[in-house]
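Below, each chain spelled out in residue letters.
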Amino acid sequence: HKGQNGKLLIIGGSQLFHAASLWALTVASRIVDMVFYSSVETNNRIVESIKAEFRNGIIIPRSKIDNYVAEADCILIGPGLPREEGIEAGDDDTKELTERMFRSYPEKKWVVDGGSLQVIEPDVLPKTAIVTPHKGEFKKLFGREPTEDNVEQMAKKFGIVILVKGEYDVVSSPQESVRITGGNPGMTKGGPGDVLAGLVAALYCKNDAFL
């Protein structure tokens, strides 16, 4: 029945950034049975206006996200959330929101991307987390250059899965590390990283093999 093929909660978007969370939403809604999408009111209205493209989900205000966490198999947080200097009237504080969700629900499956990666310290990440930084975000989060050795070390140190995006991707769990080739210059355009985060979250809903 509906929902057995995964339920994903996406927390993202801001007054300034609209597209990032919408890209993640678009790809995830084509894979899992149900997507709960929570953004600022502006973005929620955008999704409501394109409901024909978003049939497999529910739009919820930020004030109601805790009501849907229990139902979600996985939570994607961060696409389009603002950095501290980018917060505008109507936005949540990204650091406070992200850390509160981690503290409240450490047992949930987490995929952490975008703005959330740029404002937290790595020691707040749940052991169930998959983080999907580009190279700059990796350096900001862990204070190290994004070499394959450092990615592997940080995955082991914090007990998480790290997927570093670049001309080739590096994916490390505490147990193993792999390189994924096939990137091209066209992927520097905004959007592919958000689509990847949505894809990872959708697959994580249905499969624990990542960890």
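Bear in mind that the values here come from a model prediction, so they are computed numbers and not experimental data.

### Description of the pairing of strand S7 (residues 161-164)
So, point 1. The side-chain alternation of S7 yields two buried faces, one formed by Val 161 and Leu 163 and the other by Ile 162 and Val 164.
So, point 2. Bridge analysis of strand S6 (residues 129-131) against S7 gives two bridges, and the strand direction is parallel. Its bridge partner being in S7, Ile 130 is matched across the sheet by Val 161.
So, point 3. As judged from the three bridges shared by S7 and strand S8 (residues 169-172), these two strands associate in the antiparallel manner. For Leu 163, the partnering residue across the bridge sits in S8 and is Val 171.

### Re the state of the cysteines
Linking two cysteines covalently via their sulfur atoms produces the bond known as a disulfide.
So, point 1. Under the criterion given, the structure shown has zero disulfides.
So, point 2. The structure places no disulfide on Cys 74, whose sulfur is separated from the nearest cysteine sulfur, that of Cys 205, by 4.6 Å.
So, point 3. Cys 74 sits in the buried class, given a relative accessible area of 0%.
So, point 4. Cys 205 sits in the buried class, given a relative accessible area of 8%.

### Some details on the packing of aromatic side chains
So, point 1. Summed over all chains, the structure comprises four aromatic pairs.
So, point 2. Measuring from centroid to centroid gives 5.0 Å for Phe 102 and Trp 110, while their planes differ by 85 degrees, and the two rings are edge-to-face. With respect to burial, Phe 102 and Trp 110 carry one shared label: buried.
So, point 3. Taken together, a centroid distance of 5.7 Å and an interplanar angle of 40 degrees make the contact between Phe 142 and Phe 158 tilted. Taken together, the residues Phe 142 in helix H6 (residues 135-142) and Phe 158 in helix H7 (residues 148-158) connect sequence positions 16 residues apart. As far as burial versus exposure is concerned, Phe 142 and Phe 158 are alike and both buried.
So, point 4. An aromatic cluster is defined as three or more aromatic residues linked by ring pairs; in this entry it consists of Phe 138, Phe 142 and Phe 158.
So, point 5. If you follow Lys 135 out to its NZ or CZ, it ends over the ring of Tyr 168, 5.6 Å from the centre.
So, point 6. The ring of Tyr 168 has Arg 179 lying over it, and the distance from NZ or CZ to the ring centre is 3.9 Å.

### What about the packing of helix H1 (residues 19-29) against helix H8 (residues 192-206)?
So, point 1. Where H1 meets H8, the closest approach of the two axes is 7 Å, and the angle between their N-to-C directions is 40 degrees. Taken together, the axis directions place H1 and H8 in an arrangement best described as oblique. Note that H1 runs across H8; the crossing there is right-handed. Within the contact between the two elements, H1 uses Ala 20, Trp 23, Ala 24, Val 27 and Ala 28 and H8 uses Asp 194, Val 195, Gly 198, Leu 199 and Ala 202.

### Some words on the sheet that holds strand S9 (residues 177-180)
Through backbone hydrogen bonds, the strands of a sheet pair up, either in parallel or in antiparallel fashion.
So, point 1. Taken in spatial order, the nine strands of this open sheet run S3-S2-S1-S4-S5-S6-S7-S8-S9, and their pairing is mixed. Each end of this open sheet is capped by a strand with a single partner; those strands are strand S3 (57-59) and S9. Along the sheet, successive strands turn relative to each other by an average axial angle of 15 degrees, direction set aside.
So, point 2. Bridging between strand S2 (residues 34-38) and S3 involves three bridges; their strand directions are parallel. When the sheet's bridge partners are listed, Val 35 is paired in S3 with Gly 57.
So, point 3. Here helix H2 (residues 41-49) sits on the sheet and contacts S2 and S3; the angle it forms with S2, its principal contact strand, is near 140 degrees.
So, point 4. On the sheet, H8 packs against strand S1 (7-11), strand S4 (74-77), strand S5 (109-112), S6, S7 and S8 and is oriented at approximately 170 degrees with respect to S5.

Conventions we followed
Residues numbered from 1 in each chain as written. Predicted model: local features only at pLDDT ≥ 70, side-chain atom pairs only at ≥ 80, totals over all residues. Heavy atoms only, no water. Buried < 20%, exposed > 50% of the residue type's maximum accessible area, 1.4 Å probe, protein only. Helix = DSSP H or I, 4+ residues; strand = E, 2+ residues; numbered from the N terminus. Pairing = 2+ DSSP bridges. Disulfide = S-S within 2.5 Å. Phe/Tyr/Trp six-rings, centres within 6.5 Å; stacked < 30°, edge-to-face > 60°. Lys NZ or Arg CZ within 6 Å of the ring centre and 35° of its normal. Axes fitted to C-alpha atoms, helices over the stretch in contact; angles between N-to-C directions. Parallel < 35°, antiparallel > 145°, perpendicular 65-115°, else oblique. Left-handed = near helix turned anticlockwise from the far one by under 90°. Contact = heavy atoms within 4.5 Å.

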